Amino acid sequence: MDQSEPRQTKSSDRRDLETMRHSAAHVMVAAVQRLFPGTKLGVGPTVEHGFYYDMEVPRPLTSDDLPVIEAEMHKILAERPEFEREEMPIETAIDYFRAHGQDYKVELLSDLKERGTTRVTSREDMDVDPGNRTSATMYRTGEFVDLCRGPHVPSAGRIGPFKLLSVSGAYWRGDEHRPMLQRIYGTAWFTREQLDHYLWQLDEAERRDHRRIGRDLGLFMFDEEVGPGLPLWLPNGTVLIEELERLAKETEERAGYVRVRTPHVAKESMYLRSGHLPYYAESMFPPMELEGVRYYLKPMNCPHHHKIYAAQQRSYRDIPLRLAEYGTCYRYEKSGELFGLMRVRSLQMNDAHIYCTLDQIEDEFLAVCRMYLGYFELFGIDQYLMRFSTHDPNQLGGKYVDQPELWKKTEEIVRRALDHGRINYTETAGEAAFYGPKIDVQVWSAIGREFTLATNQVDFAVPERFGLTYVNARGEHETPICIHRAPLGTHERMIGFLIEHYAGAFPLWLAPVQAVVLPIADRHAPYAEEVGGRLRARGFRAHVDTRRENLNHKIRDAQLQKIPYMLVVGDRELEAGTAAVRLRSGENIGTISVDDLLARLDAERGQRQHAALDTALGHSDNA
RNA sequence: GCCGACGUAGCUCAACUGGCAGAGCAGCGGUUUUGUAAACCGCGGGUUGGGGGUUCGAGUCCCUUCGUCGGCUCCA
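Let us look at the structure shown here. (Residues numbered from 1 in each chain as written. Chains lettered and ligands numbered in written order. Predicted model: local features only at pLDDT ≥ 70, side-chain atom pairs only at ≥ 80, totals over all residues. Heavy atoms only, no water.)

In terms of nonpolar packing, the biggest core is built from 84 residues, with F365, F379, F506 and L510 touching the most fellow members. At 11 residues, the largest contribution of residues to this core is made by helix α11 (residues 361–379). Ignoring sequence-local partners within four residues, the contact set of F506 consists of L217, L219, L240, L498, I499, A511, P512, P564 and R584. Counting 36 residues, the second-largest nonpolar core is a separate cluster that includes Y53, M73, A156 and L195. (Core = buried A, V, L, I, M, F, W, Y, C linked by side-chain atoms within 4.5 Å. Buried < 20%, exposed > 50% of the residue type's maximum accessible area, 1.4 Å probe, protein only. Helix = DSSP H or I, 4+ residues; strand = E, 2+ residues; numbered from the N terminus. Contact = heavy atoms within 4.5 Å.)

To describe a pair of aromatic rings, you give the distance between the ring centres and the angle between the ring planes. Applying the stated rule across the entire model yields 19 aromatic pairs. On the numbers, 6.0 Å between centres and 55° between planes, the contact of F220 with W233 is tilted. One end of the pair, F220, is in strand β9 (residues 220–221); the other, W233, is in strand β10 (residues 232–233), with 13 residues separating them in the sequence. When sorted by exposure, F220 lands in the same class as W233, which is buried. Each residue in the set F220, F222 and W233 is aromatic and connected to the rest through ring pairs, giving one cluster. Here R605 stacks its cationic end above the ring of F540, 3.8 Å away from the centre of that ring. (Phe/Tyr/Trp six-rings, centres within 6.5 Å; stacked < 30°, edge-to-face > 60°. Lys NZ or Arg CZ within 6 Å of the ring centre and 35° of its normal.)

This brings us to helix α7 (residues 235–254). Along its 20 residues, α7 runs 29 Å from first to last C-alpha, staying within 8% of the 28 Å computed at 1.5 Å per residue. Restricting attention to buried positions, one finds in α7 the residues G237, V239, L240, I241, E243, L244, E245, L247, A248, T251 and E252. Of the residues trailing α7, G256 is marked for its positive phi of about 90°. (Expected span 1.5 Å × (residues − 1).)

Turning our attention to the sheet that holds strand β13 (residues 288–290). Each strand in a sheet pairs with another by means of backbone hydrogen bonds, the pair being arranged parallel or else antiparallel. Across the sheet, which stays open at both edges, the three strands sit in the order β12-β14-β13 with antiparallel pairing between neighbours. Both outer strands of the open sheet, β12 (265–267) and β13, are each paired with one neighbouring strand and no more. On average, each strand axis in the sheet is inclined to that of its neighbour by 35°, with strand direction left out of account. Bridge count for β13 against strand β14 (residues 293–297) is three bridges, and the pairing is antiparallel. In the strand pairing of β14, L290 is matched with V293. (Pairing = 2+ DSSP bridges. Axes fitted to C-alpha atoms, helices over the stretch in contact; angles between N-to-C directions.)

With that settled, the discussion passes to the packing of helix α15 (residues 525–537) against helix α18 (residues 594–606). Packing of α15 against α18 brings their axes to within 11 Å, and their N-to-C directions diverge by 35°. Of the two possible hands of crossing, α15 and α18 adopt the one that is right-handed. Within the contact between the two elements, α15 uses Y527, V531, R534 and L535 and α18 uses V594, D595, L597, L598 and L601. Taken together, the residues of the contact of α15 with α18 sort by class into seven nonpolar, no polar and two charged. (Left-handed = near helix turned anticlockwise from the far one by under 90°. Nonpolar A, V, L, I, M, F, W, Y, C, P; charged D, E, K, R; others polar.)

Printed below as a string of structure tokens:
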């Protein structure tokens, strides 16, 4: 994600840092081996801010073990061992590790030898060199020997300040059917200041965590009896939802969408037709049976929308047809995957399905991308990654529908749309949906977890299953292409993300409470109510704090609630028909008339309509 | 789902090796009528997540179940 590397870091420094962290990982695992003889090594790459090592330890580790391991690491460092490099034939290395009971290393080397690079992942290529199938490189640090490509710092004395952060389970080679190893995460830096800065950032991230802010600002809650992953939206959070929906509806209306509404359940037969059953069944809530018919909670809206499309004869003149719905879906996420609002079991999706011809896809797809970019501009989101996912030709007929020419064609169209729109993206093969290529917008939560925030997918397979057609200009039936898109993702994830993005200080148009009027003494309450009433009459969400507390107290509470405008009214303001305006930044903009205040608020609230939405609608290009 | 940790008042946290469940904030009642980040006094508040067990005695030890957290797997 962002920030925590020193700003001036050059790429060579960056490499040195990675080298040093990788060496730290070696020292860590050497310490674990000393403390827990019989430890078997997995792999231990560096990651964004540090390193980890996976290993099989005789007993499960707990966080209490980390200080002990750190102490052992310091002992090793005090011995100042050299990192000695040694190259040997691959068979010799296999024999060595087999003799030492290092089964995982044996497996890595055997794979490399027998199958070449096919099973070596990026996590593993720090251990073995996929390009070299005949010899292996070993590093010796004191009595500790590990398979490793290197490079390493020459001496362990070069390892900078470090800290072990957490311990957890991790499947060997990321496969849930294989053994679970113990993973220790750590971080290491050149200087103590950098380490402290990073640790401070971790604390800061915790303060931005949407789960904490969500509670403090009264946005949402969970209840054990309602069920895990089923958020309850409190009044303040509901304002966020409704403002986002208003934004979406205005934008989509102007972009030529029509709105529909569909039920939350449907019969089994529809999901057999759509292909969700049985393939998606494990992500769906189990069926409920009524009068011998099985119904499912909908995990997505597309089948319902397809039915609406199919309900009447469509002409080429009718399309693109863009059906939009903030649809509520239910997905049975595994219990361990739930995470605050970011990963839930009931979700409201900014969904729409665009039915169009092959010729129209490019424009439609680009228009959707512009819509994202407009939203992101509006929110000031600049830390994101657009990921273009294409199919893997080797999996046609399996993971992917067997229509090679359509894959090729639609992928080209998407690529051209992205290039034409001058949109930056990375391309990943083998990550497409089974029905077509897609773009995902990746963002990171405050604690650094990656999420797909929005998605835009081409579907050239499912419309056929639903028998969707349109009559072309020659009077023939043709199957339309469908674009699935959710530029604002789901309310749950988008709001979870925005909470962290703004650290709870939402822009005026989105803020659950936009202004609070603070009467200094009881005698100012009627005037305060009058000011509040005028704001509300103008469509602002304004409260009046008439508690018998002093001003400092009311200010503090309003600050903690991150209310954009605090309007202090006392004798002077009452007299003059004004309010003393304090912003949540702490800035005091002085005393202004209520009329001026309303004008200012109008202008600020109106910002959401301007440039960003023009981008969303592609107006800036045409203008 | 898997590995590990953690569940004490609305929130943040106490309670030494098993020995009378406590504090601050919030809430409520009263006093104060206040000018830009916490006025003062008082009061209520808990089946220590649920269930079972060990023990003279369990917040503390054991089992089980639910939930949460850190990862893994998976995903909007």
